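# Structural overview for review
Here are the chains, one letter per residue:
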Amino acid sequence: MGKPNAVIADAAGLQTQPTELTLPAGSLSVCENMEITRDGIIEVARGFEDYSENLPDFTPDQIIVVGGVAYLNLDSGLWYHDGTRWLRKRGISGTKFNALRGITQADGVLYISSDDHVIYSVNATSGAKTILAGRFGVSGSTDGTGGAALFNGPQGLVVDSGNLYVCDTQNHTIRKIVIATGVVTTFAGSAGLGGSANGVGSTARFNNPRGLTAANGYLYVGDTANSYLRQIAIGTADVTTLASGLTSIRGVATDGSNVYAFGNDAISSVTITGGTVSTLAGSPGVSGSTDGTGSAARFSTSGYLALVGSDLYVADTSNRTIRKVTTSGGVVTTPAGVALSSSLTDGIGTAARFVNPQALAGDSTGLFVTDDDRLRRFYPGTTYVATVGGSNE
């Protein structure tokens, strides 16, 4: 259909694209002399008309420009230019998963829990994957090293000082993994003994703990079936209850002064000093998908949270969307996905779809999202969603 710059040279043809678009003067080109960002996105340049025959035909509505960045969002994937030819941004080859749940990221490595009772370690750049601990498909509570250790439905995770802490949900415990060696121990709670008692180490009790975050020498645990937010001193394994009455609490995140908790269709804020609870967004027990401020917003079933700067990103699991909540005012928007619309479609904003988004981890350059047996990536700046690993890879 001719050279791509002929398609997008007319600036008027881009006026229906996303707002806040600043077009450079003169004709545009999405061909040679592109600067590739770390996200594999191409920057718009001018005056170059080289064209690679490897690029499939496309139509103007497949050119998406956000903030001066041009995407070719084709059925075959996201295309970008490496300065010589067009390339398709693919998922991480060979990275297959099943029943993904919690995720955290530290030092360029993703740690992901699975209902198959294992903890994966995945290089966030290359996609190289290993099982850090646990045995695929085998549940249990045994401490040990690597595959000799057993878990039972692990979910939330967090890294602190070279150790990975894990909510071993169905064992009612918090486990500790030394990342360098894969040695697994039971840090708090006692396997198979659910309860709500405070105490040190094995004398404490939990009931289906799911959410986990860390700050200032403490772990914070969303103790789901107890509706408690628990606090654990990392140095002593002393478990206390910071707040109660947080029905069905699951995802937790902290800025060091407050812990944000998702449960019962609402986001709560709990002060670390004093444990004062307030509702930041949503209305407890009232489900829905409405965007809005504070109690006017609606969520449906609790997922997990990630704090990026002063914004919370929320896996709104039953709505099958990613939500954004400002911690300063509780303003809720939906940057990706459409409520109750389910598929594994990649795309920008409302063009993207999720099936069962569970947890998020990352930063402003990109958040990884566990979506059943897929690993997706969501870019907050552009709201682009891409599948980067899963059973279809």
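### Some thoughts on the packing of aromatic side chains
Counted under the stated rule, the structure contains five aromatic pairs. Judged by centre distance (6.4 Å) and plane angle (35 degrees), the rings of Y379 and Y384 are tilted. Here Y379 matches Y384 in class, with each residue buried. A cation over a ring is seen here: R175 above F151, with NZ or CZ 4.8 Å from the ring centre. In this arrangement the basic side chain of R230 is found over the ring face of F206, its NZ or CZ atom lying 5.0 Å from the centre.

### Considerations on the pattern of salt bridges
Per the counting criterion, the structure on display carries eleven salt bridges. The salt bridge partner of R101 is D115, with a shortest N-O separation of 2.9 Å. Taken together, the residues R101 in strand 6 (residues 100-106) and D115 in the loop between strand 7 (109-114) and strand 8 (118-123) connect sequence positions 14 residues apart. On the accessibility criterion, R101 (13% relative accessible area) is buried. The partner of R101 in a salt bridge is D372, and the shortest N-O contact between them spans 3.9 Å. Here the residue R101 occupies a position in strand 6, and D372 occupies one in the loop between strand 31 (366-371) and strand 32 (374-379), the gap between them amounting to 271 residues. You can call D372 partly exposed: its relative accessible area is 26%. Counted as one network, the salt bridges with shared partners bring together R101, D115 and D372.

### Looking at the sheet that holds strand 13 (residues 173-178)
Spatial ordering of the open sheet is given by 10-14-13-12-11, a layout of five strands whose pairing is antiparallel. Whereas interior strands pair on both sides, the edge strands pair on one side only; in this sheet they are strand 10 (144-145) and strand 11 (154-160). Across five bridges, strand 13 lies against strand 14 (residues 183-188) in antiparallel orientation. Looking at the pairing, V178 lines up with V183 of strand 14.

### Concerning the environment of F206
Secondary-structure assignment places F206 in the loop between strand 15 (199-200) and strand 16 (209-215). When the C-alpha positions of F206 and G194 are compared, they lie 5.4 Å apart, and in sequence the two are twelve residues distant.

### A short note on the side chain of R323
With respect to the helices, strands and loops of the structure, R323 is situated in strand 27 (residues 321-326). Take R323: its relative accessible area is 1%, and that puts it in the buried class. Here the side chain of R323 touches S289 through a polar contact of 3.4 Å, landing on its backbone oxygen.

### Remarks on the pairing of strand 17 (residues 218-223)
As a general feature of sheets, a regular strand has side chains that alternate between the two faces. Judged by how many residues are buried, strand 17 sits mostly within the fold: five of six residues are covered. Relative to strand 17, strand 16 is paired through six bridges, and the arrangement is antiparallel. Its bridge partner lying in strand 17, T213 is registered against Y220. In sequence, strand 16 turns back onto strand 17 through a hairpin of two residues, with N216 there showing a positive phi of about 55 degrees. Bridging between strand 17 and strand 18 (residues 228-233) involves six bridges; their strand directions are antiparallel. Bridge pairing in strand 18 links G222 to L229. Hairpin geometry of strand 17 and strand 18 is characterised by an intervening segment of four residues between the two adjacent antiparallel strands and by a positive phi of about 60 degrees at S227.

Reading guide: rules and limits
Every chain is numbered on its own, with residues counted from 1 as its sequence reads. Under the rules for a predicted model, residues below a pLDDT of 70 receive no local features and side-chain atom pairs below 80 are neither given nor counted, while totals for whole chains, interfaces and linings still include all residues. Based on all heavy atoms of the structure, the side-chain values leave hydrogens and waters out of the count. Note on aromatic pairs: the rings of Phe, Tyr and Trp (six-membered ring only in Trp) are paired at centre separations within 6.5 Å, and the planes decide the class, stacked below 30 degrees, edge-to-face beyond 60, tilted for the rest. Categorising residues by exposure relies on relative accessible area from a 1.4 Å probe, with only protein chains included: less than 20% of the type maximum marks a residue as buried, more than 50% marks it as exposed, and the intermediate range marks it as partly exposed. For a lysine, the NZ atom is tested; for an arginine, the CZ atom; a charge sits over a ring if that atom is within 6 Å of the ring centre and within 35 degrees of the ring normal. Salt bridge, as used here: a side-chain nitrogen of Lys or Arg that lies within 4 Å of a carboxyl oxygen of Asp or Glu. Only DSSP runs of H or I reaching four residues or more are called helices, and only runs of E reaching two or more are called strands; each is numbered from the N terminus. Strands are labelled as partners when DSSP assigns at least two bridges between them. Any N or O atom pair separated by 3.5 Å or less is treated as a polar contact, with the protein-specific requirement of one donor-capable and one acceptor-capable atom, and with residues adjacent in sequence counted only for side-chain atom pairs.

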